[in-house]
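Here is what each chain is made of, one letter per residue.
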Amino acid sequence: MAKTQYYVPVGPIHPALKEPIRVEAKVEGERIVDVDVKRGFAHRGIEYMGMKRNAIQTLYLSERICGICSISHPYAFVIGSEKALGIEAPPRAQYIRTIIAELERIHSHILWLGVVAHEMGFDSLLFWTWKGREKVLDILELLTGNRINYSVFMIGGVRRDITESQAKAVRDMINYYRIFTEEMKDVFLADPVYKARTRGVAQLSRDMAKKLNVCGPVARAAGLRMDVRQDTPYDAYADIDVRAIVPQDIVGEARGDAYDITLVRIYEIEQSLDIIEFCLDNMPEGKIMAIPNYVALLAKIRRSEGEGIGMHEAPRGEVIHYFKYGNKRDGPVVWKVIAPSYNNINTWGPLLLGAEVADIPIVVAYIDPCMCCNDRVAVVRDENGRLIDPATLHLKAVEKTRKLREELGVRE
Amino acid sequence: MREPMSAEEVLKRLQEALGEALLSHEVREYTMGVRRKRTYQELWIEIDPKAFRRAVEVMFELDYPHLHFITGEDDGGDFLRMVYSFGLFWAVPWGELSVTMRFNLPKDNLVLPTITDMMPGAETNEREIREMLGVEFEGLKNKRHLFLPDDWPEGKYPWRKDEYGVEDMVKHTHKSVNEIRRGE
């Protein structure tokens, strides 16, 4: 009997997907025989908008590219701009930037672990990991004033200092996560059910990872020792010998499957804790902004000409921003953004071929795809369905931060 | 993984292979670190568009590169300014060398050879440049739109700032794409 082929479209709106993307699979029985991925359902043209604004406005626009790792894009932005404009951030600011970036890595990795547990049907794990994640979100809010979209980076520095009592709260958090990571190793890596469900699923060979140009934890799980913090270090990473975490160093071999990527992410949380601790212990004194006056900064940009590439190792992989300043403009003339998912989504086609329909959610979730990095706009509504204006939203945020400071016993 | 080479050595190899076609070059050094200063290099070159394929081949001979990005700039003139950036000798601490090549592509002949035969992962980048700037890649197999919808009007490129750009479409944002295509 000839086999009939069926066409299974997943997305752009589907419970297994958090954001709009479409995976069109052709199946024979349970096997997938052909895949096509369609993206761009919510393309906002942010790069084009950025080329019409000044550099400081564009910096905060870049923060809106991604909703989860909202520091990754501003980080690459400031590094690229500083290279193009010849500005150097003060040492203290460099350390503060690194601390915030690593805090964000912890929250993003724990978020992913929850999501992947959810995709496999372990919902109690999802609630447990996300409860553990609240602690780092509180610390980020304490340091920057915002739970997400921190608005703390600036070309040539940062906008907020870390005080002594804040540093103490961060140290308490490190102790909390040292225990939490050990628990996660037990729950995820040592669990036979989790192992059975992820070993050999979404397996990416080293050669294929190289050819598909993937980056971040996906590449490292396949055994490639690539990490921007190690290859071209910047800020405080240059003082710390950051080494890429690959499964062959931990379990002896790299298979590049969903289990290996969980392993890489959990060990990276530990690495982040070490980096934050180093930064707190060795924090230099001094100012936090190279050019504190924004008018003077914009005037300098208007006089400058140059190109620069900023790279930052975001939790999901490398974020690359290319800049060209000139034409007597105070904003970038050319701005090109590459987000990690831009390349990592390439893996879906080859990995889904020959896989089973039940593996689609794991293959889709395992690279931690971020559609909004590729293409988004967020609106906030109140309980009556009305849009909340920015001023009210700002007021609510300030009130919440004050309450949090009182609870954590931090005065300044 | 091969031994990392300095920017000067890579430049020498490119000069031997490209000769006159390598129009200008610049080696940039960035010093990083607070307590311990170390430097890494970046190589920026300007080439003739005819030598583009050869330049990429030289890089593949040295090491399998990591493609950072492909982008292009249109200032409304007769040329598109293309920028290709590769990372060589990655996976080595302080060893990655970023090689950025730039060239002016004349608008009356917007054709470039594809690099997807050497690096399949470059397909996304090439498809984006194709739909946004109108550059045709010879040998690119999948030519479907990446971000733009399938019924996007032909001959309109969002990043172009000349008559092929979308200025007139922005004025008619209340109209649907189909209405614009029908000329209403």
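Scope of this entry: the structure provided in the associated data block. (Residues numbered from 1 in each chain as written. Chains lettered and ligands numbered in written order. Predicted model: local features only at pLDDT ≥ 70, side-chain atom pairs only at ≥ 80, totals over all residues. Heavy atoms only, no water.)

A separate point is the sheet that holds strand S4 (residues 79-88) of chain B. All names here are of chain B. Sheet architecture is open: five strands sit in the order S1-S2-S5-S4-S3, paired in mixed fashion. The sheet terminates laterally at strand S1 (22-32) and strand S3 (66-74), the two strands that pair on one side only. Across the sheet, the mean angle separating the axes of adjacent strands is 15° when strand polarity is ignored. Here S4 pairs with strand S5 (residues 97-106) via ten bridges, running antiparallel. Across the sheet, residue Phe-79 finds its bridge partner in S5, namely Pro-106. With respect to the sheet, helix H2 (residues 52-62) is in contact with strand S2 (38-47), S4 and S5, its orientation differing from that of S5 by roughly 165°. (Pairing = 2+ DSSP bridges. Helix = DSSP H or I, 4+ residues; strand = E, 2+ residues; numbered from the N terminus. Axes fitted to C-alpha atoms, helices over the stretch in contact; angles between N-to-C directions. Contact = heavy atoms within 4.5 Å.)

The next point concerns the sheet that holds strand S8 (residues 334-338) of chain A. All names here are of chain A. Sheet architecture is open: three strands sit in the order S6-S7-S8, paired in antiparallel fashion. Each edge of the open sheet is held by one strand with a lone partner, namely strand S6 (306-314) and S8. Within the sheet, the average angular offset between the axes of one strand and its neighbour, ignoring direction, is 10°.

To continue, consider unusual backbone geometry. Backbone geometry at Asn-149 of chain A places phi at a positive 55°, although glycine is not the residue there. Mapped onto the elements, Asn-149 of chain A comes out in the loop between helix H5 (123-144) and strand S4 (153-154).

With that settled, the discussion passes to helix H12 (residues 258-281) of chain A. If you check H12 of chain A, its first and last C-alpha atoms are 35 Å apart, about what 24 residues at 1.5 Å a residue would give, namely 34 Å. Burial analysis of H12 of chain A places 18 of its 24 residues in the buried class, the great majority of the element. (Expected span 1.5 Å × (residues − 1). Buried < 20%, exposed > 50% of the residue type's maximum accessible area, 1.4 Å probe, protein only.)

All names here are of chain A. Tracing the sequence through the fold places Ile-269 in helix H12. Counting along the chain gives 219 residues from Ile-269 to Gly-50, while the straight-line C-alpha distance between them is 33 Å. Ignoring sequence-local partners within four residues, the contact set of Ile-269 consists of Ile-106, His-109, Ile-110, Leu-113, Thr-181 and Met-184.

What follows concerns the pairing of S6 of chain A. Residue and element names in this part refer to chain A. The buried count for S6 comes to eight of nine residues, which makes it a mostly enclosed element. The pairing of S6 with strand S7 (residues 317-325) spans nine bridges and is classified as antiparallel. Residue Gly-306 lies in a different strand from S7, and its bridge partner there is Tyr-325.

All names here are of chain A. The contact between helix H4 (residues 91-119) and helix H6 (residues 164-189) brings their axes to 13 Å, and the two run at 25°. Relative to H6, the element H4 is oriented roughly parallel. You can see that H4 and H6 cross each other, and the crossing is left-handed. When H4 is examined against H6, the residues Leu-103, Ile-106, Ile-110, Leu-113 and Ala-117 are found in contact with a partner set consisting of Met-173, Tyr-177, Phe-180, Met-184 and Phe-188. Residues of the contact of H4 with H6, tallied by class, amount to ten nonpolar, no polar and no charged. (Parallel < 35°, antiparallel > 145°, perpendicular 65-115°, else oblique. Left-handed = near helix turned anticlockwise from the far one by under 90°. Nonpolar A, V, L, I, M, F, W, Y, C, P; charged D, E, K, R; others polar.)

So, to be careful, I would describe these as geometric facts and stop short of saying anything about function.
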